[in-house]
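For reference, the chains in residue letters:
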Amino acid sequence: MISLTIVFFAESTNGWGIDGHYIVCRIAQERLSESAADAVKELLPGYADNDLASVCSWADRVKFRYHWSSPLHYIDTPDELCNYNYDRDCKDENDEKGVCVSGAISNYTDQLLSYKASSSSPSNNLTEALLFLSHFMGDIHQPLHVGFTSDRGGNTIDVHWYRRKAVLHHVWDDNIIETGEERFYDSNIENLINTLKENITGDWAHQVTKWESCSKNETTCPDRYASESIVAACDWAYKNVTEGSVLEDEYFLASLPVVNLQLAKGGVRLAATLNRVFG
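Residues numbered from 1 in each chain as written. Predicted model: local features only at pLDDT ≥ 70, side-chain atom pairs only at ≥ 80, totals over all residues. Heavy atoms only, no water.

Going by what an unreviewed UniProt entry lists, the protein chain is known as Aspergillus nuclease S1 and is assigned to Acorus calamus. Turning to the protein chain, the UniProt annotation filed under Catalytic activity (unreviewed entry) states: "Endonucleolytic cleavage to 5'-phosphomononucleotide and 5'-phosphooligonucleotide end-products." (UniProt positions renumbered as here; feature names shortened; annotations may be inferred.)

Colleague: Quick question: what am I supposed to make of the layout of surface pockets here?
Modeller: Looking at the largest pocket, its volume works out to about 270 Å³. Around the largest pocket, the lining comprises 14 residues; the ones closest to its centre are Tyr74, Asp76, Lys91, Asp92 and Glu93. Elements supplying a minimum of two residues to the lining of the largest pocket: β1 (75-77) and α4 (86-89). Looking at the lining of the largest pocket residue by residue, the class counts come to five nonpolar, one polar and eight charged. (1 Å grid on protein atoms, 1.4 Å probe; cavity = no way out; pocket = protein on both sides within 12 Å on 5 of 7 lines; lining within 4 Å. Points joined across faces, edges and corners; volume = space filled by probe spheres on them. Helix = DSSP H or I, 4+ residues; strand = E, 2+ residues; numbered from the N terminus. Nonpolar A, V, L, I, M, F, W, Y, C, P; charged D, E, K, R; others polar.)

Colleague: Any chance you could explain the pattern of salt bridges here in plain terms?
Modeller: Here the idea is simple: oppositely charged side chains can pair when their charged atoms come close. One pass over the structure, following the stated rule, counts 12 salt bridges. Its salt-bridge partner being Lys197, residue Glu30 comes within 2.6 Å of it at the nearest N-O pair. Highlighted residues: Glu30 in the loop between α1 (18-29) and α2 (34-43) and Lys197 in helix α8 (residues 189-201), separated in sequence by 167 residues. By relative accessible area, which is 44% here, Glu30 ends up partly exposed. Between Asp95 and Lys91 there is a salt bridge whose closest N-O contact spans 3.7 Å. (Salt bridge = Lys/Arg side-chain N within 4 Å of Asp/Glu carboxyl O. Buried < 20%, exposed > 50% of the residue type's maximum accessible area, 1.4 Å probe, protein only.)

Colleague: Looking at this structure, I do not really get empty space enclosed by the protein. What am I missing?
Modeller: In this approach the atoms are scanned with a rolling probe the size of a water molecule, which exposes any empty space left behind. Under the defined criterion, the tally for this structure stands at one cavity of 30 Å³ or more. In this structure, the largest cavity encloses a volume near 40 Å³. In terms of lining residues, the largest cavity is bounded by Ile176, Ile177, Gly180, Glu181, Tyr185, Leu192, Leu256 and Asn260. Listed by contribution, the elements that provide at least two residues to the lining of the largest cavity are α7 (168-184) and α11 (249-278). Among the elements that make up the lining of the largest cavity, the one with the highest residue count is α7 (four residues). Among the residues making up the lining of the largest cavity, the classes are represented as five nonpolar, two polar and one charged.

Colleague: Explanation requested: the packing of aromatic side chains in the structure shown.
Modeller: What characterises a pair of aromatic rings is the spacing of the ring centres plus the angle enclosed by the ring planes. Enumeration over the complete set of coordinates arrives at 15 aromatic pairs. Ring geometry for Trp58 versus Tyr66: centroids 6.3 Å apart, planes at 75 degrees, classification edge-to-face. With respect to class, Trp58 is no different from Tyr66; both count as buried. Centroid distance Tyr108 to Phe136: 6.2 Å. Interplanar angle 40 degrees. Geometry classified as tilted. Placement of Tyr108 in helix α5 (residues 101-112) and of Phe136 in helix α6 (residues 126-139) is noted, with a sequence separation of 28 residues between them. An identical accessibility class is assigned to Tyr108 and Phe136; each is buried. Here the aromatic residues Trp58, Tyr66, Trp68, Tyr108, Phe132 and Phe136 are joined through ring pairs into a cluster of three or more. Here the basic side chain of Lys239 rests over the ring of Trp236, its NZ or CZ set 5.8 Å away from the ring centre. (Phe/Tyr/Trp six-rings, centres within 6.5 Å; stacked < 30°, edge-to-face > 60°. Lys NZ or Arg CZ within 6 Å of the ring centre and 35° of its normal.)

Laid out in structure tokens, this is it:
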């Protein structure tokens, strides 16, 4: 187990909220092969006590220290096109290519592939690579992390979530999950996780192989995940929402199944990636 100390900072609201990232990493760790589980245990910092989910929001917390990492959490796509293209969209505000969540997933996956080498490059901190990858795999499955450029993935769209003021991005980060937990899972995240795991082995079982697979010779395939997310953003997150919209049961009940599916996909795909890396 790595004894490296990683400093925690104040929690950020970007990305799935704490619960969303926790769910993705819990699902993933329980699907790891023996060799991948051993590698993850070795790479996790000691204070995590071999619990990947407990540090799955680390990448949000260190944005105050690692300012360069902020653009790695999302992708901005052209308004209303509802599609994603790596060459067009994966860049930062200075047009530096590869600086987006898809590029980050590929980068940290490649870094982790050095784990089996007799001596890893000293410039690669594999513990941080694991924590970044685990978090970004969650981010890329939050539809509004592959949102429109003009509203910064819904961050500038003010709405009401029932009676509370919110921005649309935060609704998808936190509010839908929290309201679902309160209404259907006795405010218990474990009940939600168990339901998702049951669906993965039950109602969704016929889709799991497709979720896990990538093209030949690919260890991970984040461009596909990003393409799915922008379609979900257009079909569900942005649908009929304008500045000042009041989002209540109709929106919540339509969106909750999408959120649950995306959380499950994120967990399954994180596990599949780690199994390929450490297999």
